[in-house]
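These are the residues of each chain, in order.
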Amino acid sequence: MRNSRYLRRKGLLLLMVMTFGTIVAMSPIDMFIRMDRFLMDRYFDALTPPEMRDKVILVLAQEPSFMELGGWPWPRSVHGRLLTQLNEARTVVLDMIFPEKSVSWQDRFLAEKAAEQGNCVVAYHLTEQNGTIEPVLPYRDLVLSAKSFGVANVVPDIDGLYRFLIPLWTFEKGSQPSLPLAAALAHGGGPLTISKETGRPTLMLGDRAFPINDEGGIWIIHRPLGDIPVYEYSDVLAGRVPKDTFEDALVVVGVNAAGLGIQDTVSLYSQGAIRPIPGASFVALSIATLLDPGGIRSVPRHYETLLSLFSILCSGAIGLLSPPILSWAIVSIMVIGTTIIPFILLSLWGLWISPGTAVVLGLSSYLISVAYRLLGLSRSARMGALYSNLLASITFGAWKDGDMAKSPETVLDRVWPEINKLTSIKLIKKHVPPQEISETMKRGEVISQDDGTSLVKVPGDSERYHMFIKPPSGWNGVVELGWTGEISEEDLGSAVAVVLTACWFSVALQREQQRAQAIQGAIKAIVAAVDAKDQDTRGHSDRVASLSRDLAIAMNLSDEFVKELYLGATLHDVGKIGIPDAILQKPDKLTEEEYGRIKEHPSIGRDIMATVPLSEVAKKALLEHHEKLDGSGYPLGLKGEEISLAGRIVAVADAFDALSSRRCYKEGWDLEEILKLFDRDSETLFDSDVVEALHRIGPSWYEKNHSDR
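Reference entry: report on the structure contained in this document. Just so it is clear, the model here is predicted, and its values are computed rather than measured. Along every chain, residues carry numbers that run from 1 in the direction the sequence is written. Side-chain atom pairs in this predicted model are given and counted only at pLDDT of 80 or more, local residue features only at pLDDT of at least 70, and totals for whole chains, interfaces and linings cover all residues. Side-chain numbers come from the whole structure's heavy atoms, not from hydrogens or water.

## Some points on the side chain of Glu 564
Thinking step 1. For Glu 564, the position within the fold is in helix H18 (residues 559–570).
Thinking step 2. For Glu 564, the contacting residues outside a window of four places in its chain are Ser 615, Val 617 and Ala 618. For the purposes of this entry, the term helix denotes a DSSP run of H or I that reaches at least four residues, the term strand denotes a run of E that reaches at least two, and both are numbered from the N terminus. Working rule for contacts: check all heavy atoms of both residues, and any pair within 4.5 Å makes them a contact.

So this is what it looks like as structure tokens:
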């Protein structure tokens, strides 16, 4: 029954996700459309475009032409003369608008040259005025002399990039061809028909099929912009380009001069980047698409919806039913397949199916199903969190000074309310004497009993079941748990584990604290004994330890390093306990032999503390605090990086306190004199990084510890 309910809940969740996914997949949500366009650009750009069957050439009036021919507009006779240079072209497309009349003979001259060319296509624009669409046509003579004309308007995609051409424009209860379509028809690309046999409108140019997408356009085939050669208008006009260059070609004539304010550009994705190109170049690319064998087919939206639903169903089922590691692998393979298969379909058959929506919805379904499974395991996860909380609570870092008298087992009081909320198991007592256990067993029925636990059922009691858990040696008494209703073995096992963990760590922690207190007491006694040998140096060890700690903190070293350094610095002079008082307290200059004895104190200190489990940082601080970077120090004569960081820090702290303190043989130095000495000997005797830290904290430390000097 439990598994049946579990499966029903999973099925209901999957149905809800699929319903929501269906609504999303069928809705034109901008985010998904933009994602699909992003993938489309890169997929299209990765394809090798078909070889151009017809020669398409672009003639552009750019800045050089305006420098040579003067400002715009040019006389119509100039354009007429250009057409005479293009007589050998099969088709000429004028991507320019000549709406108003100019000088009559020039208007007639341009119209006559367009007629002589024999296959000239001219452009016109559609504009919206007062809610109605109005055409802006060339002047009448040019319209009559041209072979055909077409709408030059273009439409951006949702993100402002240009990816498709609108083949037919509807206005005045009819349809008019776009400029690219009119040019393709004039160049021999007809006849034109519209077919709906494939389930969506398809524009047919002879035997070539161009499916129309949901936006009413035809996808532009991505081509390197260099596939369509560009010639400067003035060069063609002046005959600097041979006429046979344009033989049997389709030539698009346009204007693009940004510096003169005559600019017509559109943006598209090409060759790995978004590029602005002249509008006439876009017209040329559009015409090249219509002259190619066929266009890109977009599958109907309901097919993409079916793909999204399939992705949702598979991903959700995988997330609900598969093991976590295996499910990640399967879903990753699905995502890779969902993104690669559309590219294969596009490259082999020119079929575009948008993968973005399917991938996003599939991943969303998977994550929802995984989240559901995690919620189903929330109780186990929360019990695991309790273990973590328990372990974190019973470490040395969790107990501050003054808390040592408090029993660490009180962590049970902190975590048990949550356990009770999850499992209904109560913590009745933490320390039950044997007599109470015996009385409870007499009142009830012993269900199970072993060396570690006893389970007793007491009818009529406020807690029907009582479990007694024997903690490890060192715990005073037995822990008692209680509950009334049925609980699972898993919950009971988890509760028992928490109890035993807390008890074991509490006992271990108490013993470790006692041991640590004993070691710290011994260390303090040794340091006090050293200080007692010389009244002048009393407090020196504590001050050196304090300054070493502050220097390490100023250098952003780890807390653990600071802690161990402080201990080593406290012990740095412990070896002086083996040096005769006559040498330590001698007011006169030491002899060479006496100074040699003094230099032994780091080694003596190392030997004294050999049986104490000190860290490497503490040991190095104790042994190396008189080593110098140039090798002139003692007891080992270490140089440079051979000296540990701990030794270099304590060396600065020890010297600073010695210089600033009064001795029987000298007075304490001023702060300015001390800092000058360290600056002088930085990088030769002392570490420069430590000296730099001393400059930051030394003045305040000096004021605090030697203000009464």
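After that view of the structure, there is still more to cover.
## Section: the sheet that holds strand S10 (residues 202–205)
In a beta sheet, neighbouring strands pair by backbone hydrogen bonds and run either parallel or antiparallel.
Thinking step 1. Strands were regarded as paired on the criterion that DSSP finds at least two bridges between them. Ordered in space as S9-S10-S11, the three strands form an open sheet in which the pairing is antiparallel. Across the chains shown, the open sheet's two edge strands, defined by having one partner strand only, are strand S9 (192–195) and strand S11 (208–211). Averaged over neighbouring strand pairs, the angle between their axes works out to 25° when direction is ignored.
Thinking step 2. In this structure, S10 lies alongside S11, joined through four bridges in antiparallel fashion. Along S11, the bridge assignment pairs Thr 202 with Pro 211. Angular values range over 0 to 180 degrees, each being the angle between N-to-C directions of two axes fitted as lines to C-alpha atoms, with helices fitted over their stretch in contact.

## Some thoughts on the packing of helix H17 (residues 540–554) against helix H25 (residues 688–706)
The angle between the axes and the distance between the axes are what describe a pair of packed helices.
Thinking step 1. Interhelical geometry of H17 versus H25 gives an angle of 140° and a closest axis separation of 9 Å. Judged on the interaxial angle alone, H25 and H17 are oblique. In this structure, H17 meets H25 at a crossing whose hand is right-handed. On H25, the residues that touch Arg 543, Ser 546, Leu 547, Asp 550, Leu 551 and Ala 554 of H17 are Val 690, Ala 693, Leu 694, Arg 696, Ile 697, Trp 701, Asn 705 and His 706.
Thinking step 2. Across the contact of H17 with H25, the residue classes break down as eight nonpolar, three polar and three charged. With respect to orientation, any angle under 35 degrees is reported as roughly parallel, any angle over 145 as roughly antiparallel, any angle of 65 to 115 as roughly perpendicular, and every other angle as oblique. Handedness of a crossing follows from how the near helix is turned relative to the far one, being left-handed for an anticlockwise turn of less than a right angle and right-handed for a clockwise one. As a working rule, the residues Ala, Val, Leu, Ile, Met, Phe, Trp, Tyr, Cys and Pro are called nonpolar, Asp, Glu, Lys and Arg charged, and the rest polar, with Gly in that last group.

## A short note on the pairing of strand S4 (residues 132–136)
Thinking step 1. Two elements, strand S3 (residues 120–129) and S4, share five bridges in a ladder whose sense is antiparallel. Paired with His 125 across the bridge in S4 is Val 136.
Thinking step 2. Remark: two residues form the turn of the hairpin made by S3 and S4, two consecutive strands paired antiparallel; Asn 130 in that turn has positive phi of roughly 55°.

## Concerning unusual backbone geometry
In most cases, non-glycine residues show a negative phi, while peptide bonds are predominantly trans.
Thinking step 1. Residues Trp 72 and Pro 73 are joined by a peptide bond in cis, for which omega reads 0°.
Thinking step 2. On the secondary structure map, Pro 73 appears in the loop between helix H3 (63–69) and helix H4 (76–85).
Thinking step 3. Along the chain, Tyr 634 connects to Pro 635 via a cis peptide bond; the corresponding omega equals 10°.
Thinking step 4. Position of Pro 635 relative to the elements: it lies in the loop between helix H22 (616–624) and helix H23 (645–660).
Thinking step 5. Although it is not a glycine, Asp 248 adopts a positive phi angle of roughly 60°.
Thinking step 6. Within the secondary structure layout, Asp 248 lies in the loop between helix H8 (233–237) and strand S14 (250–255).

## Here's the deal with the sheet that holds strand S20 (residues 445–449)
Thinking step 1. On the basis of which strands lie adjacent, the open sheet formed by five strands has the order S19-S23-S22-S21-S20 and antiparallel pairing. Whereas interior strands pair on both sides, the edge strands pair on one side only; in this sheet they are strand S19 (426–432) and S20. For this sheet, the mean angle separating the axes of adjacent strands, direction not counted, is 20°.
Thinking step 2. In this structure, S20 lies alongside strand S21 (residues 453–457), joined through four bridges in antiparallel fashion. Directly across from Glu 445, in S21, lies its bridge partner Lys 457.
Thinking step 3. Contacting S19, S20, S21, strand S22 (465–469) and strand S23 (478–483), helix H15 (residues 434–443) crosses the sheet at an angle of about 130° to S19.

## What to know about a nonpolar patch on the surface
Thinking step 1. On the surface, Ile 336, Ile 340, Ile 344, Leu 348 and Trp 349 cluster together into a nonpolar patch covering about 530 Å² of accessible area.
Thinking step 2. Among the structural elements, Ile 344 can be located in helix H11 (residues 324–349).
Thinking step 3. With a 1.4 Å probe rolled over the protein chains alone, any residue whose accessible area is under 20% of its type maximum counts as buried; one over 50% counts as exposed, and the rest are partly exposed. With relative accessibility at 38%, the residue Ile 344 sits in the partly exposed group. Patch members must show over 30% relative accessible area and no salt bridge, and they are joined within 9 Å when carrying like charges or within 5 Å when they are nonpolar side chains of Val, Leu, Ile, Met, Phe, Trp or Tyr. In this description, accessible areas are obtained by the Shrake-Rupley approach with a 1.4 Å probe, and a residue is regarded as covered only by the protein chains that are shown. Whenever a carboxyl oxygen of Asp or Glu lies within 4 Å of a side-chain nitrogen of Lys or Arg, that contact is scored as a salt bridge.

## Overview of the environment of Leu 309
Thinking step 1. Tracing the backbone shows Leu 309 in helix H10 (residues 301–321).
Thinking step 2. Given a relative accessible area of 18%, Leu 309 falls into the buried group.
Thinking step 3. In the structure, Leu 309 is positioned 49 residues away from Ala 358 in sequence and 7.6 Å away in space, judged by C-alpha atoms.

## Things to note about the packing of aromatic side chains
Any two aromatic rings considered together are summarised by their centre-to-centre distance and by the angle between their planes.
Thinking step 1. Pairing of aromatic rings covers Phe, Tyr and Trp, the last through its six-membered ring, and needs centres within 6.5 Å; plane angles under 30 degrees mean stacked, over 60 mean edge-to-face, and all others mean tilted. Throughout the structure, instances matching the rule amount to 15 aromatic pairs.
Thinking step 2. Cation over ring: Arg 42 sits above Phe 38, and NZ or CZ is 3.6 Å from the ring centre. We call a charge positioned over a ring when the NZ of a Lys or the CZ of an Arg lies within 6 Å of the ring centre and within 35 degrees of the ring normal.

## Brief notes about the pattern of salt bridges
Thinking step 1. In total, this model carries 26 salt bridges according to the counting rule given.
Thinking step 2. Between Asp 292 and Arg 223 there is a salt bridge whose closest N-O contact spans 2.5 Å. Placement of the pair is Asp 292 in the loop between helix H9 (279–291) and strand S17 (297–298) and Arg 223 in the loop between strand S12 (218–219) and strand S13 (230–232), with a sequence separation of 69 residues.
Thinking step 3. You can call Asp 292 buried: its relative accessible area is 1%.
Thinking step 4. Linking Glu 692 and Arg 696 is a salt bridge whose minimum nitrogen-to-oxygen distance equals 3.0 Å. Pair noted here: Glu 692 and Arg 696 are both in helix H25, with a separation of four residues, about one helical turn.
Thinking step 5. Judged by its relative accessible area of 47%, Arg 696 falls in the partly exposed class.
Thinking step 6. Each of Arg 37, Asp 41, Asp 157, Asp 159, Arg 163 and Glu 215 takes part in salt bridges that share partners, so that together they form one network.

## Describing empty space enclosed by the protein
Thinking step 1. As defined here, a cavity is a set of points on a 1 Å grid over the protein atoms alone where a 1.4 Å probe fits but cannot get out. A pocket is an open set with protein on both sides within 12 Å along at least five of seven lines, and residues line them when an atom is within 4 Å of a point. Grid points are joined across faces, edges and corners, and a volume is the space filled by probe spheres set on the points. Taken as a whole and assessed by the stated rule, the structure comprises five cavities of 30 Å³ or more.
Thinking step 2. Approximately 100 Å³ is the volume found for the second largest cavity.
Thinking step 3. Lining the second largest cavity are Asp 41, Tyr 162, Arg 163, Ile 220, Ile 221, His 222, Arg 223, Leu 268, Tyr 269, Ser 270 and Leu 285.
Thinking step 4. Class assignment for the residues of the lining of the second largest cavity results in six nonpolar, two polar and three charged.

## Let's talk about the nonpolar core
Thinking step 1. By nonpolar core is meant a set of buried Ala, Val, Leu, Ile, Met, Phe, Trp, Tyr and Cys residues that side-chain atoms within 4.5 Å join together. Counting 35 residues, the largest nonpolar core has Val 93, Leu 250, Val 252, Ile 287 and Leu 290 as its most contacted members.
Thinking step 2. Among the secondary structure elements, those contributing two or more residues to this core are strand S1 (56–61), S3, helix H7 (179–189), S10, S14, strand S15 (265–270) and H9.
Thinking step 3. Element by element, the count of residues in this core is highest for H9, at eight residues.
Thinking step 4. Residues within four places of Ile 287 in sequence aside, it is in contact with Val 93, Pro 180, Ala 183, Leu 250 and Val 252.
Thinking step 5. Ranked by size, the runner-up nonpolar core spans 33 residues in total, among them Leu 551, Ala 621, Val 652 and Phe 686.

In short, the description is geometric, and any link to function would need to be established separately.
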